[in-house]
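Close look at the chain arrangement
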Amino acid sequence: MNEQKEKRKLELYIHIPFCLKKCGYCDFLSAPADEETRRAYCNQLIEEIRVQGSLTSDCRLATVFLGGGTPSSLTGIQIYNIMSAVYESFAVDSDAEITIECNPGTVDKEKLYGYRESGINRVSMGLQSANNEELKQLGRLHSYEDFLRSYELVRAAGFHNVNVDMISAIPNQTVRSWKSSLKKVMMLKPEHLSAYSLILEPGTPFYERYGSEEGKSALPDEDADREMYADTGRILEEYGLKQYEISNYAKPGYECRHNIGYWTGVEYLGLGLGASSLYLNHRYHSVRDLETYLHVRMREDLTPLYQDLEALTEADQMEEFMYLGLRMTRGVSGADFYERFGRNMFDLFAPQIRKNVVLKLLEQKASELRLTPRGMDLSNRVFADFYRALPRS
Ligand code: SF4
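Everything numeric here is computed off the predicted structure, so don't read it as measured data.

1. Some details on the overall build of the protein
A count of helices and strands for the protein gives 18 helices and 15 strands. Here the C-alpha radius of gyration of the protein, 21 Å, is about what a compact globule of 393 residues would show, namely 21 Å. If you line up the protein on its principal axes, its C-alpha atoms span 60 × 50 × 40 Å. Per-residue burial over the protein gives 54% buried out of 393 residues. Of the contacts formed within the protein by residues at least 6 apart in sequence, a portion of 69% connects residues at least 24 apart. Accessible surface for the protein amounts to roughly 18600 Å². Of this, 50% is attributable to carbon and sulfur atoms. Of the charged side chains in the protein, 47 are positive and 57 negative, and the gap between their average positions amounts to 4 Å.

Here you go:
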């Protein structure tokens, strides 16, 4: 085994908290910012990358994910400088999956070639809907035509691994328009598609508008929501994308390695404003206030940077193994559980497994356990059973 492979596997998430405009449904840590703020943020982020790289020299990066916000709202040079700092500071696997999130209308030929130069090999595009009325409802700045232009540029720049993000259950959306959106996108043959149902997050304008009894009438009802979910799997399968997680579909071999890492307990470092980390069995996140972040003296004192440090007990880790692993269609394996914890998951979680098998939400095949199609629909109920299921000493 070579020296690189002997290092511990780690994933890196880099948060870019800037967007051109805030969308009405979004509760991510993101906001518009002027050029000077963006420049100061990039400089500070690069400092953080360098400092963290020196503290994790026993690790190798298997994946890097530039997420946001809208990473493509930065200039090509800024992304190049961020990625250069990553290569200089971390041992990056030669076959690492390196993703950048881009919004339609925020990329051009030059930027995209710059991404390739920076080693980025996967682009995730935030389309959300192929229907311009629905895009307006969401408060998105782009039209479907903007997306088409950006998608063509992404392909022309030589990206062979492209994800498209979609949202269902948009106000006034019909099952028919959802299906039509999916089919339009699938004609473009992306390698990967993520489809999430709209969630009304407290504190957002959407919550104000649609959270009341009256407002809710504009939202597709539960039956329509279920129908959209079932149609998604069916339509995408027709176009060669297989569901591999509750909300994710891919051509074989194009499943997102970074996200699979999250669901299988791989350690990750989150750098940048508000980013979450799981490192050495501790969970924490970076400070969420931009001014505070910009003033941390990275080389002298990282204390103000990291917050809500939580040590994960073995019980926490075993439960997470279950409810995160069950998100994937392949489910969880008793052999993997035993290899990691030296315990039998079927004994440890016997009541939770029995109950959900009886309810036909889980199915067991040999030493593997997975959600049934009905379980996929009601996954939150299943996960709740595994959350804090084990006794604490
Ligand atoms: S572009 Fe994405 S991250 Fe930015 S405000 Fe809209 S939904 Fe949120």
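2. Points about the sheet that holds strand E13 (residues 332–333)
The sheet built from three strands is open, its strands ordered E13-E15-E14 with antiparallel pairing. The sheet is open, and its two edges are formed by E13 and strand E14 (362–365), each paired on a single side. Bridge count between E13 and strand E15 (residues 368–371): two bridges; the pairing is antiparallel. Within E15, the residue paired with serine 333 across the bridge is glutamate 368.

3. So, the site of the ligand
Around the ligand, the neighbouring residues are Cys19, Lys21, Lys22, Cys23, Tyr25, Cys26, Phe28, Ser30, Gly69, Thr70, Asn103 and Arg140. A breakdown of the residues in the shell around the ligand according to their chemical character gives five nonpolar, four polar and three charged.

4. Quick notes on the environment of lysine 111
Of note, lysine 111 is situated in helix H4 (residues 109–117). Looking at lysine 111, the relative accessible area reads 16%, which means it is buried. For lysine 111 and methionine 322, which are 211 residues apart along the polypeptide, the C-alpha to C-alpha distance reads 40 Å. Those residues within four positions of lysine 111 in sequence are excluded, and the remaining contacts are Ser72, Ser73, Leu74, Thr75, Gly76 and Thr106.

5. With respect to unusual backbone geometry
Cis geometry is adopted by the peptide bond preceding glycine 69, which originates at glycine 68 and carries an omega value of 20 degrees. Looking at where glycine 69 falls in the secondary structure, it is placed in the loop between strand E2 (59–68) and helix H3 (76–89). The residue glutamine 128 is not glycine, and still its phi comes out positive at about 80 degrees. Within the secondary structure, glutamine 128 sits in strand E4 (residues 122–128). Accessibility expressed as a relative area gives 8% for glutamine 128, which makes it buried. Phi is positive for aspartate 308, close to 55 degrees, though the residue is something other than glycine. With respect to the helices, strands and loops of the structure, aspartate 308 is situated in strand E12 (residues 306–311). Given the relative accessible area of 57%, aspartate 308 is considered exposed.

6. As for the packing of aromatic side chains
Taken as a whole and judged by the stated rule, the model has 16 aromatic pairs. Grouping aromatic residues by their ring pairs yields a cluster made of Phe321, Phe337, Phe341, Phe349 and Phe386. Above the ring of phenylalanine 159, the side-chain terminus of arginine 116 is found at 5.8 Å from the ring centroid.

7. A word on the nonpolar core
Within soluble globular proteins, side chains that are nonpolar tend to cluster in buried spots. In this structure, Ile14, Ile82, Val86 and Leu193 are the most contacted members of the largest nonpolar core, which totals 69 residues. Counting residues per element, this core draws most heavily on helix H2 (residues 35–55), at six residues. In this structure isoleucine 82 touches Ile14, Ile16, Cys42, Leu45, Ile46, Ile49, Leu66 and Leu74, once residues within four positions along its chain are discounted. If you look at the next biggest cluster of nonpolar residues, it comprises 25 residues, including Ala315, Phe337, Phe346 and Phe386.

8. Here we look at the pattern of salt bridges
Enumeration over the complete set of coordinates arrives at 21 salt bridges. When the shortest N-O distance is used, the salt bridge between arginine 8 and glutamate 267 registers 2.8 Å. With arginine 8 in strand E1 (residues 8–16) and glutamate 267 in strand E9 (residues 267–271), this pair connects stretches of sequence that are 259 residues apart. Exposure remark for glutamate 267: the relative accessible area of 14% places this residue in the buried category. Between arginine 39 and glutamate 35 there is a salt bridge; the shortest N-O distance is 3.6 Å. Here glutamate 35 and arginine 39 lie together in helix H2, a separation of four residues that amounts to about one turn. By sharing partners, the salt bridges in this structure join Asp316, Glu319, Arg388 and Arg392 into a single network.

Basis of the calculations
- Residues numbered from 1 in each chain as written.
- Predicted model: local features only at pLDDT ≥ 70, side-chain atom pairs only at ≥ 80, totals over all residues.
- Heavy atoms only, no water.
- Helix = DSSP H or I, 4+ residues; strand = E, 2+ residues; numbered from the N terminus.
- Rg over C-alpha atoms; globule rule 2.2 N^0.38 Å.
- Buried < 20%, exposed > 50% of the residue type's maximum accessible area, 1.4 Å probe, protein only.
- Contact = heavy atoms within 4.5 Å.
- Areas by Shrake-Rupley, 256 points an atom, 1.4 Å probe, with all protein chains shown as cover.
- Lys, Arg positive; Asp, Glu negative; His and termini not counted.
- Charge placed at Lys NZ, Arg CZ, Asp CG, Glu CD.
- Pairing = 2+ DSSP bridges.
- Near = heavy atom within 4 Å.
- Nonpolar A, V, L, I, M, F, W, Y, C, P; charged D, E, K, R; others polar.
- Phe/Tyr/Trp six-rings, centres within 6.5 Å; stacked < 30°, edge-to-face > 60°.
- Lys NZ or Arg CZ within 6 Å of the ring centre and 35° of its normal.
- Core = buried A, V, L, I, M, F, W, Y, C linked by side-chain atoms within 4.5 Å.
- Salt bridge = Lys/Arg side-chain N within 4 Å of Asp/Glu carboxyl O.

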